[in-house]
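What follows is each chain in one-letter form.
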Amino acid sequence: MEKRQGKLVVISGPAGVGKSTITRQAVARTGVALSVSATTRPPRPGEVDGQAYRFIDRPAFDALVAADGFLEYADVFGQCYGTPAAPVRQALEAGRTMILEIDVQGGLQVAAKMPDATFILIVPPSEAELERRLVGRGTETADQLARRLGKATRELAIARDSGVYKIEVVNDDLERAVEEVCRLVIG
Ligand code: 5GP
């Protein structure tokens, strides 16, 4: 009998919406696999290569693109991010669930190749709340903040217009949002 294919779950949402926290907690609680993206962005303090990201330089990234090594890739704020294809294929063939936490541009590329994946959009309770959270992170300059807010608003509009993200999880309460994502991941 053919082995059951694993489930692919794509989680997207604007910066500052809490998607990384929700994703990490959902992974810890459900034990499903999380894809490690490659990126050309430099590591932030405390980020270890191979954990949240594989940090590579632009020539290495371009070589992977040329070798068809990415399931999807995108330019986010001038840095390249991509999902290595092989680990996703292997996980799904082994019947394992895998989560990709990627931006909407990437999510739409995945939808074109794997329309049966589960697409979850994490949304803020309101735009004002998103702005408050982005400011609160304190990691961006005023200029970066304005760019991130603009991208956040556009990203939400594109995701909604695409019809790909059929599930929206409102991050009004972290625990409630994590539980909802866990149910979607294992369901
Ligand atoms: P950060 O640099 O703050 O970790 O991530 C910036 C953005 O890039 C986030 O929206 C994140 O979801 C997205 N991202 C991370 N990895 C990937 C990836 O492999 N592909 C795409 N398309 N976006 C990614």
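Residues numbered from 1 in each chain as written. Predicted model: local features only at pLDDT ≥ 70, side-chain atom pairs only at ≥ 80, totals over all residues. Heavy atoms only, no water.

Novice: What is the right way to look at the nonpolar core in this model?
Specialist: Where a protein is soluble and globular, its nonpolar side chains tend to be buried together. Core analysis: the biggest nonpolar cluster contains 21 residues, and Leu8, Leu100 and Val110 have the highest contact counts within it. By residue number, the principal contributor to this core is helix α3 (residues 85-93), which donates 4 residues. Here Leu100 is in contact with Leu8, Val9, Val10, Ile11, Ser35, Leu71, Thr83, Val88 and Val110, once residues within four sequence places are set aside. Ranked by size, the runner-up nonpolar core spans 18 residues in total, among them Ile22, Ile99, Cys182 and Val185. (Core = buried A, V, L, I, M, F, W, Y, C linked by side-chain atoms within 4.5 Å. Buried < 20%, exposed > 50% of the residue type's maximum accessible area, 1.4 Å probe, protein only. Helix = DSSP H or I, 4+ residues; strand = E, 2+ residues; numbered from the N terminus. Contact = heavy atoms within 4.5 Å.)

Novice: Please explain helix α1 (residues 19-30) as it appears in this structure.
Specialist: At 3.6 residues per turn, the α-helix brings residues three or four places apart onto the same side. Relative to the 16 Å expected for 12 residues at 1.5 Å per residue, α1 spans 16 Å between its end C-alpha atoms, a close match to the ideal helical length. Looking at the packing, one finds that the buried side of α1 touches β1 (8-12), β2 (33-34), β7 (98-101), β8 (118-123) and α7 (174-186). (Expected span 1.5 Å × (residues − 1).)

Novice: Can you walk me through α7 in this structure?
Specialist: Its 13 residues give α7 an end-to-end C-alpha distance of 18 Å, which sits within 8% of 18 Å, the value for a rise of 1.5 Å per residue. Regarding α7, the residues found buried are Ala177, Val178, Glu180, Val181, Cys182 and Val185. Its buried side turned inward, α7 meets β1, α1, β7, β8 and β9 (167-170).

Novice: Can you help me understand the site of the ligand in this one?
Specialist: Not every one of the 15 residues close to the ligand is listed here, only the nearest: Ser37, Arg41, Tyr53, Glu72 and Tyr81. Separating an oxygen atom of the ligand from a side-chain N or O atom of Ser37 is a distance of 2.6 Å. Within the complex, 93% of the 510 Å² of free accessible area of the ligand lies under protein. Listing elements by their share of the shell around the ligand, those giving two or more residues are β5 (70-76) and β6 (79-84). In the shell around the ligand, the residues fall into 5 nonpolar, 4 polar and 6 charged. (Near = heavy atom within 4 Å. Polar contact = N/O pair within 3.5 Å; in protein donor to acceptor, adjacent residues only side chain to side chain. Areas by Shrake-Rupley, 256 points an atom, 1.4 Å probe, with all protein chains shown as cover. Nonpolar A, V, L, I, M, F, W, Y, C, P; charged D, E, K, R; others polar.)

Novice: Looking at this structure, I do not really get the pairing of β7. What am I missing?
Specialist: Each regular strand shows side chains that alternate between the opposite faces of the sheet. Of the strand pairs in this sheet, β1 and β7 are connected by 4 bridges, and their pairing is parallel. Paired with Leu8 across the two strands is Met98, which belongs to β7. Pairing between β2 and β7: 2 bridges, direction parallel. Pairing of Ala33 across the sheet is with Met98, part of β7. (Pairing = 2+ DSSP bridges.)

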